[in-house]
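# Structural overview
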Amino acid sequence: MILITEKQLQTLRKIYHLDKKKTFLVYADDTSRKYYDKLLKDNPFIILSDDHNAIKGEELSFDSFRSFPSTIRRLLFLDDDALSIMVEAMMSKKRFEHSLSVAKTCKMLAKYHHVDQRKAYLAGLLHDVTKELPEEFHDSYLRYYDKDKLSYPLPIKHSFSASYYLKDKLGLSDSDVLQAIYNHTICSSNDRLCRIIYIADKREPLRGIDDGIMETAKKDLHGAYEKLQQDVKAYLQKRGTDGHIIE
């Protein structure tokens with residue numbers, strides 16, 4: 001699903017010489033169709049999909065997501081309003097508030113550790129886009145891209161499927177952001193952005209956990225990461241799990 005704001009629509013109209021009086025809506029994929037009514041009431045945007053037969057009348061069609069002009073696709077990832085609309089539409093209110101809080105926390109930690117703040121914000125906001133989708137959705141990606149991950153518990157699979165979904169369906173090509181999202185539930189990477197989102201996801205303010213890890217993370221990112229890993233392991237042992245269940 002791609003959302004285009006009114007400002008971005010002006011760019012589309014210039015490129016394709018579209019009638020300025022017309023508004024274009026192109027069909028969304030199955031995972032976003034149910035959000036039509038809610039979104040259209042308040043937000044002017046275009047939704048793009050591979051299905052060109054779903055909506056009759058005025059329609060701007062492309063052969064696929066990837067054929068949609070890359071210059072316009074990139075606008076999505078520069079527009080916080082459009083991104084927030086998209087993310088909010090794909091999850092519950094509580095999950096969206098968590099994602100927004102993670103994004104802000106990632107950006108804050110990125111500033112402390114001289115990591116690209118835009119990338120950190122994107123990774124935080126987008127990390128749970130597939131979290132609330134059925135297991136078969138995740139498995140459909142894993143069977144194709146990552147068969148070794150099919151045996152992982154459901155609460156982890158979304159970190160993998162989100163990365164593939166964002167790349168395939170939204171055209172997100174930033175490998176740093178995709179890697180961070182892929183690693184946000186169980187992280188073994190030394191990459192600073194990966195560790196930032198790992199910490200932010202588990203200690204963003206709305207979780208209400210005040211154990212000093214966030215304060216440590218501002219000064220010593222890797223020390224905070226190691227401490228959090230130990231705490232998570234201890235927590236999972238108390239729950240009697242095998243160390244793979246990360247909510």
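Right, let's walk through the structure included here. Just so you know, these numbers come straight off a predicted model, no measurement behind them.

Now for the overall build of the chain. Secondary structure assignment for the chain yields 13 helices and two strands. Within the chain, buried positions represent 51% of all 247 residues. Of all intrachain contacts in the chain linking residues separated by at least 6 positions in sequence, the fraction that spans at least 24 positions is 61%.

Although it is not a glycine, His 114 adopts a positive phi angle of roughly 55°. When you line up the elements, His 114 lands in the loop between helix H6 (93-112) and helix H7 (117-126). Its relative accessible area of 69% is what places His 114 among the exposed residues.

To continue, consider the pattern of salt bridges. The final tally for this structure, using the stated rule, is twelve salt bridges. Residue Asp 128 pairs with Arg 95 through a salt bridge whose shortest N-O separation is 2.9 Å. With Asp 128 in the loop between H7 and helix H8 (135-145) and Arg 95 in helix H6, the pair connects residues that are 33 residues apart, well separated along the chain. Asp 211 serves as the salt-bridge partner of Arg 203, at 2.9 Å between the closest nitrogen and oxygen. Bridged by salt links that share partners, the residues Lys 119, Asp 174 and Asp 176 form one connected network.

Glancing now at the side chain of Ser 84. Mapping Ser 84 onto the fold places it in helix H5 (residues 80-89). Residue class for Ser 84 comes out buried when judged on its relative accessible area of 17%. Sequence-distant contacts of Ser 84, that is, excluding residues within four places in its chain, are made with Phe 96 and Leu 125.

One turn of an α-helix holds 3.6 residues; hence residues three or four places apart share an orientation. For helix H9 (residues 154-169), with 16 residues, the first-to-last C-alpha span of 21 Å sits near the 22 Å given by 1.5 Å per residue. Considering bend angle alone, the principal kink of H9 is centred on Ser 161 and spans about 25°. Within H9, twelve of the 16 residues are buried, which leaves it mostly tucked inside the rest of the structure. Along H9, the positions that sit buried rather than exposed are Pro 155, Ile 156, Lys 157, His 158, Ser 159, Phe 160, Ser 161, Ala 162, Ser 163, Tyr 164, Tyr 165 and Leu 166. After H9 finishes, the residue Gly 171 shows a positive phi value of roughly 75°.

What follows covers the packing of helix H10 (residues 175-182) against helix H11 (residues 192-203). As a packed pair, H10 and H11 sit with axes 8 Å apart at the nearest point and diverge in direction by 40°. It follows from the interaxial angle that H10 and H11 lie oblique. Judged by the sense of rotation from one axis to the other, the crossing of H10 with H11 is right-handed. Note on element contacts: H11 touches H10 through Leu 193, Cys 194 and Ile 197, opposite Asp 176, Val 177, Gln 179 and Ala 180. Here the contact of H10 with H11 is composed, by residue class, of five nonpolar, one polar and one charged.

Two elements in contact, H6 and H7, have axes separated by 7 Å at closest approach and are oriented at 155°. Viewed along their axes, H6 and H7 adopt a mutual orientation that is roughly antiparallel. Regarding H6 and H7, the two cross each other, and that crossing is right-handed. On H7, the residues touching Ser 99, Leu 100, Val 102, Ala 103, Lys 104, Cys 106, Lys 107, Ala 110 and Lys 111 of H6 are Gln 117, Ala 120, Tyr 121, Gly 124 and Leu 125. Its residues assigned to classes, the contact of H6 with H7 shows eight nonpolar, three polar and three charged.

Among the nonpolar cores identified, the biggest contains 53 residues, and Val 87, Leu 126, Val 129, Leu 166 and Ile 199 are the most heavily contacted of them. Considering each element in turn, this core owes the most residues, seven residues, to H11. Leu 126 has contacts with Phe 77, Leu 83, Met 86, Val 87, Leu 166, Leu 172 and Ile 181, leaving out every residue within four places of it along the chain.

Moving on, we come to the packing of aromatic side chains. Applying the stated criterion to the full structure yields nine aromatic pairs. A connected cluster of aromatic rings, assembled from ring pairs, spans Phe 137, Tyr 141, Tyr 144, Tyr 145, Tyr 152, Phe 160, Tyr 164, Tyr 165 and Tyr 182. In this arrangement the basic side chain of Lys 149 is found over the ring face of Phe 160, its NZ or CZ atom lying 5.5 Å from the centre.

What counts as what
- Residues numbered from 1 in each chain as written.
- Predicted model: local features only at pLDDT ≥ 70, side-chain atom pairs only at ≥ 80, totals over all residues.
- Heavy atoms only, no water.
- Helix = DSSP H or I, 4+ residues; strand = E, 2+ residues; numbered from the N terminus.
- Buried < 20%, exposed > 50% of the residue type's maximum accessible area, 1.4 Å probe, protein only.
- Contact = heavy atoms within 4.5 Å.
- Salt bridge = Lys/Arg side-chain N within 4 Å of Asp/Glu carboxyl O.
- Expected span 1.5 Å × (residues − 1).
- Bend = angle between axes of the 7 residues up to and from the residue.
- Axes fitted to C-alpha atoms, helices over the stretch in contact; angles between N-to-C directions.
- Parallel < 35°, antiparallel > 145°, perpendicular 65-115°, else oblique.
- Left-handed = near helix turned anticlockwise from the far one by under 90°.
- Nonpolar A, V, L, I, M, F, W, Y, C, P; charged D, E, K, R; others polar.
- Core = buried A, V, L, I, M, F, W, Y, C linked by side-chain atoms within 4.5 Å.
- Phe/Tyr/Trp six-rings, centres within 6.5 Å; stacked < 30°, edge-to-face > 60°.
- Lys NZ or Arg CZ within 6 Å of the ring centre and 35° of its normal.

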